[in-house]
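Here is how the chains run, residue by residue.
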Amino acid sequence: MNNEDFINRARKSVKERWTVDTIIKKLIEMLDQSSKAENILFKAVYDLFFLYYPEAGAKLEEKDKFMEIMEGFSNRNSIKDNLDLSEDSMGYDLDKEDIEIIKNGVKEIMNMRSFKESIERRINEIIKEKYPNTYTVLGGVITARLISIAGSIQKLAIMPSSKIQILGTENTVFLRGKKTPKYGVIFKTKLVQSVDDNVKGKTAKIVAGYASLAIKTDVFSKEDKSKDLLRKLEEEVKRARGNGKSDR
Amino acid sequence: METERVIDNTYWINRGSRRVLTTINMQTGKSVYGERIFKINGKEYREWIPSRSKLAATIYKGFKPDSLKEGISVLYLGASTGTTVSHVSDIVGKNGKIYAVEISEEVGVKLILLAETRKNIYPIIYDAAKLEDKREILERCDFIYEDVAQRNQVEIFIKNANLFLKRGGYGAIAIKAKSIDVLAKPRDIIEKARETLSKRFSIIKSIDLYPFQKDHSIIFVKN
Ligand SMILES: C[S@@+](CC[C@H](N)C(=O)[O-])C[C@H]1O[C@@H](n2cnc3c(N)ncnc32)[C@H](O)[C@@H]1O
């Protein structure tokens, strides 16, 4: 066989081996990079705005608040009432061209946000279709993150739930004897976030257990047992919550 | 600029006080991964960067891998996008062959595109631990190079040497100390790999690639 035959075979095996997990990983990466881009842009737009109207800037350090107020921004006068400020400012009186740049910057951040939402929607759609059980337990984005960290859903399916529970912790090098960290990706699920701090660790463990079960179901039997899983999961979390309360 | 031969098609270029490792560019005018190209007396030399390639680091550390020669056949395990493969391609030249094995389709795409422009690269997108499945299309080679960064990298190397290395052939394996065991000391891991390899091959040399590559060594053997 010559070089061309090898190339043809190799091209064919690449073509056949793509899986939906590859797209999932790229989408998660795009989501994270977009968040970074959004933050960088926000910082720069905010800084220019602060120069112009520091009294307002001091009240708008939080990004969501800034974006909310800046939707209707055209000059100091346009937002002063919303913030209980006077138009009198020690800030630099920017030219209207500079103010235009602030406004365009705000628009770009809004675009970035709706772009991110569209990525998230697509991730949820894919996960819901391909991995319905896991979707029900973890939601689309968290499932996608786990796939991205592990490499594939198959790798997750053979992982013990104790490992799934800690995937995504800053440093995945676990040293013998050291207490394992509890704050992985699983910790960010709605269910874990919704319980009191004293039962978060326990809840994360329960969620990881069900996640592991759901992943195995999605990979091996491919049945949709999501209703059953969700019911049992919620029951168990409820019980953990109850116990947690009586502990205090 | 003066040149000084290292092994076939591989030269140091002396640029003032610094020297730069290069291979003669088989594919004139084209840089593969952003490396610089030097033109001297009508010949093109492609920079071979030690932080990007363990084989280049080996040469920077003073070892001449002269069992890599023009015209030989090489089985390359863990080819990735083909950074190092492209230089081995320059070394073995148009009469040589490199069977370049890579498991990941994502990086494999780039490797295939490289093979489309360099006729001596034969890409195989497959698990290096299961190459017995590819016996019909492979042959015994003069040299086996492995850089897979896997826990069982030494076993994979030995298995493939048994299957595909000519008697009297040579091999080199890049050992990433951390892939085998994150807890053990890198030096112990290298020592253990050396010991396992020495039961099967004669060891030519083992080279610590620091500071070009951290926690990496390369071990050269003869079959
Ligand atoms: C450190 S990189 C190789 C870099 C490359 N040798 C170079 O210098 O340009 C390791 C590569 O080995 C591949 N790999 C890991 N396990 C493998 C296996 N079992 N079979 C084939 N390739 C494998 C990985 O996908 C990765 O691309």
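Residues numbered from 1 in each chain as written. Chains lettered and ligands numbered in written order. Predicted model: local features only at pLDDT ≥ 70, side-chain atom pairs only at ≥ 80, totals over all residues. Heavy atoms only, no water.

## Details of the site of the ligand
Residues and elements named next belong to chain B.
Okay, so step 1: Around the ligand, the surrounding shell holds 16 residues, and the nearest of these are Tyr 76, Thr 84, Glu 102, Asp 127 and Ala 128.
Okay, so step 2: A distance of 2.6 Å is found between an oxygen atom of the ligand and a side-chain nitrogen or oxygen belonging to Glu 102.
Okay, so step 3: Between the ligand and Ile 103 there is a distance of 3.2 Å, counted from a nitrogen atom to a backbone nitrogen or oxygen.
Okay, so step 4: Relative to its unbound accessible surface of 610 Å², the ligand loses 84% to contact with the protein. (Near = heavy atom within 4 Å. Polar contact = N/O pair within 3.5 Å; in protein donor to acceptor, adjacent residues only side chain to side chain. Areas by Shrake-Rupley, 256 points an atom, 1.4 Å probe, with all protein chains shown as cover.)

## Observations regarding the sheet that holds strand S6 (residues 73-77) of chain B
Residues and elements named next belong to chain B.
Okay, so step 1: The strand order across the open sheet formed by 7 strands is S8-S7-S6-S9-S10-S12-S11, and the pairing between neighbours is mixed. The two strands at the open ends of the sheet, each matched to only one other strand, are strand S8 (121-125) and strand S11 (202-208). For this sheet the average axis-to-axis angle between neighbouring strands, irrespective of direction, equals 15°.
Okay, so step 2: Here S6 pairs with strand S7 (residues 97-102) via 5 bridges, running parallel. Across the sheet, Ser 73 pairs through a bridge with Lys 97, a residue of S7.
Okay, so step 3: Packed on one face of the sheet, helix H2 (residues 83-92) meets S6, S7 and S8 and runs near 165° to S7. (Pairing = 2+ DSSP bridges. Helix = DSSP H or I, 4+ residues; strand = E, 2+ residues; numbered from the N terminus. Axes fitted to C-alpha atoms, helices over the stretch in contact; angles between N-to-C directions. Contact = heavy atoms within 4.5 Å.)

## Here's the deal with the pairing of S8 of chain B
Residue and element names in this part refer to chain B.
Okay, so step 1: The buried fraction of S8 amounts to 5 of the 5 residues, a majority that puts the element mostly inside the structure.
Okay, so step 2: Residues Ile 121, Pro 123 and Ile 125 point to one face of S8 and Tyr 122 and Ile 124 to the other, with burial holding for every one of them.
Okay, so step 3: Strand direction decides the pairing type here: S7 and S8, joined by 5 bridges, are parallel. Along S8, the bridge assignment pairs Ala 100 with Pro 123.
Okay, so step 4: On the question of chirality, the crossover connecting S7 to the parallel S8 by way of helix H3 (residues 105-117) is right-handed. (Buried < 20%, exposed > 50% of the residue type's maximum accessible area, 1.4 Å probe, protein only. Right-handed = clockwise from strand over helix to strand, strands pointing away.)

## Topic: the pattern of salt bridges
Okay, so step 1: Scanning the model with the defined rule gives 30 salt bridges over all chains in all.
Okay, so step 2: As a salt-bridge pair, Lys 80 of chain A and Asp 81 of chain A come within 3.4 Å of each other at their nearest N and O atoms.
Okay, so step 3: A relative accessible area of 17% places Lys 80 of chain A in the buried class.
Okay, so step 4: Overall, Asp 81 of chain A belongs to the exposed group, its relative accessible area being 59%.
Okay, so step 5: Note that Asp 90 of chain B and Arg 46 of chain B form a salt bridge whose closest N and O atoms lie 2.9 Å from each other. Here Asp 90 of chain B is found in helix H2, whereas its partner Arg 46 of chain B is found in strand S5 (residues 43-47), with 44 residues between them in sequence. Of the two residues examined, Asp 90 of chain B and Arg 46 of chain B, each falls in the buried class. (Salt bridge = Lys/Arg side-chain N within 4 Å of Asp/Glu carboxyl O.)

## Here's the deal with the pairing of strand S9 (residues 141-146) of chain B
Across a regular strand the side chains alternate sides, sitting on one face of the sheet and then on the other.
Residue and element names in this part refer to chain B.
Okay, so step 1: Where burial is concerned, most of S9 is hidden: 5 out of the 6 residues are buried.
Okay, so step 2: Alignment of S6 against S9, held across 4 bridges, turns out to be parallel. The residue bridging Leu 75 from the neighbouring strand is Ile 144, located in S9.
Okay, so step 3: As paired elements, S9 and strand S10 (residues 165-176) share 5 bridges and run parallel to each other.

## Considerations on the nonpolar core
Okay, so step 1: In this structure, Ile 24, Ile 123, Val 137, Leu 138, Leu 146, Leu 156 and Ile 186 of chain A are the most contacted members of the largest nonpolar core, which totals 42 residues.
Okay, so step 2: Among the secondary structure elements, those contributing two or more residues to this core are helix H2 (20-52), helix H6 (96-130), helix H7 (132-138), helix H8 (140-150), helix H9 (153-157), helix H12 (197-221) and helix H13 (226-247) of chain A.
Okay, so step 3: The element best represented in this core is H12 of chain A, accounting for 9 residues.
Okay, so step 4: Taken domain by domain, this core gets at least three of its residues from each of domain 1 (7-130) and domain 2 (132-248) of chain A.
Okay, so step 5: Not counting chain neighbours up to four residues away, the residues in contact with Leu 138 of chain A comprise Thr 143, Leu 146, Ile 186, Thr 189, Val 207 and Ala 211 of chain A.
Okay, so step 6: One finds Val 14 of chain A together with Tyr 76, Leu 114 and Ile 218 of chain B within the second-largest nonpolar core, a separate group that totals 40 residues. (Core = buried A, V, L, I, M, F, W, Y, C linked by side-chain atoms within 4.5 Å. Domains from an automatic or database assignment.)

## With respect to the interface of chain A and chain B
Okay, so step 1: Listed per partner, the contact involves 19 residues of chain A and 20 residues of chain B.
Okay, so step 2: Carbon and sulfur atoms make up 63% of the surface buried where chain A meets chain B, a total of about 1700 Å² over both sides.
Okay, so step 3: For chain A, the biggest contributors to the area lost against chain B are Asn 3, Phe 6 and Arg 17 of chain A; these three give 37% of the whole.
Okay, so step 4: Inspection of the region where chain A meets chain B yields 3 salt bridges.
Okay, so step 5: With its nearest N and O atoms 2.9 Å apart, the salt bridge here joins Glu 105 of chain B to Arg 17 of chain A.
Okay, so step 6: At the junction of chain A and chain B, the tally comes to 8 residue pairs in polar contact (both at pLDDT 80 or more).
Okay, so step 7: Elements that contribute at least two residues to the side of chain A that touches chain B include exactly helix H1 (3-17) and H2 of chain A.
Okay, so step 8: Of the residues forming the side of chain A that touches chain B, the biggest block, 9 residues, is contributed by H1 of chain A. (Buried area = accessible area lost by both parts, 1.4 Å probe.)

## Regarding the sheet that holds strand S1 (residues 2-7) of chain B
Residue and element names in this part refer to chain B.
Okay, so step 1: The 5 strands are arranged S1-S2-S3-S5-S4 in an open sheet whose pairing can be described as antiparallel. Of all the strands in the sheet, the pair left with one neighbour each is S1 and strand S4 (37-40). For this sheet, the mean angle separating the axes of adjacent strands, direction not counted, is 40°.
Okay, so step 2: Where strand S3 (residues 18-24) and S5 come together, 3 bridges link them in antiparallel fashion. Each bridged residue has a counterpart across the sheet, and for Ile 24 the counterpart in S5 is Tyr 45.

## A closer look at the packing of H2 of chain A against H8 of chain A
Residues and elements named next belong to chain A.
Okay, so step 1: In the contact formed by H2 and H8, the axes pass within 9 Å of each other and the chain directions differ by 110°. By the criterion of interaxial angle, the relationship of H2 to H8 is roughly perpendicular. Of the residues in H8, those in contact with Asp 21, Ile 24, Lys 25, Ile 28, Leu 31 and Asp 32 of H2 are Val 141, Ala 144, Arg 145, Ile 147 and Ser 148.
Okay, so step 2: For the contact of H2 with H8, the residue count by class is 6 nonpolar, 1 polar and 4 charged. (Parallel < 35°, antiparallel > 145°, perpendicular 65-115°, else oblique. Nonpolar A, V, L, I, M, F, W, Y, C, P; charged D, E, K, R; others polar.)

## Observations concerning the domain arrangement of chain A
Residues and elements named next belong to chain A.
Okay, so step 1: Assigned domains within chain A: domain 1 (7-130) and domain 2 (132-248).
Okay, so step 2: The gap between the C-alpha centroids of domain 1 and domain 2 is 30 Å.
Okay, so step 3: At the junction of the two partners, domain 1 supplies 13 residues and domain 2 supplies 14 residues.
Okay, so step 4: For the domain 1 and domain 2 pair, buried surface summed over both sides reaches about 1100 Å², with 64% attributable to carbon and sulfur atoms.
Okay, so step 5: Here Arg 145 makes a salt bridge to Asp 32, at a shortest N to O gap of 3.0 Å.

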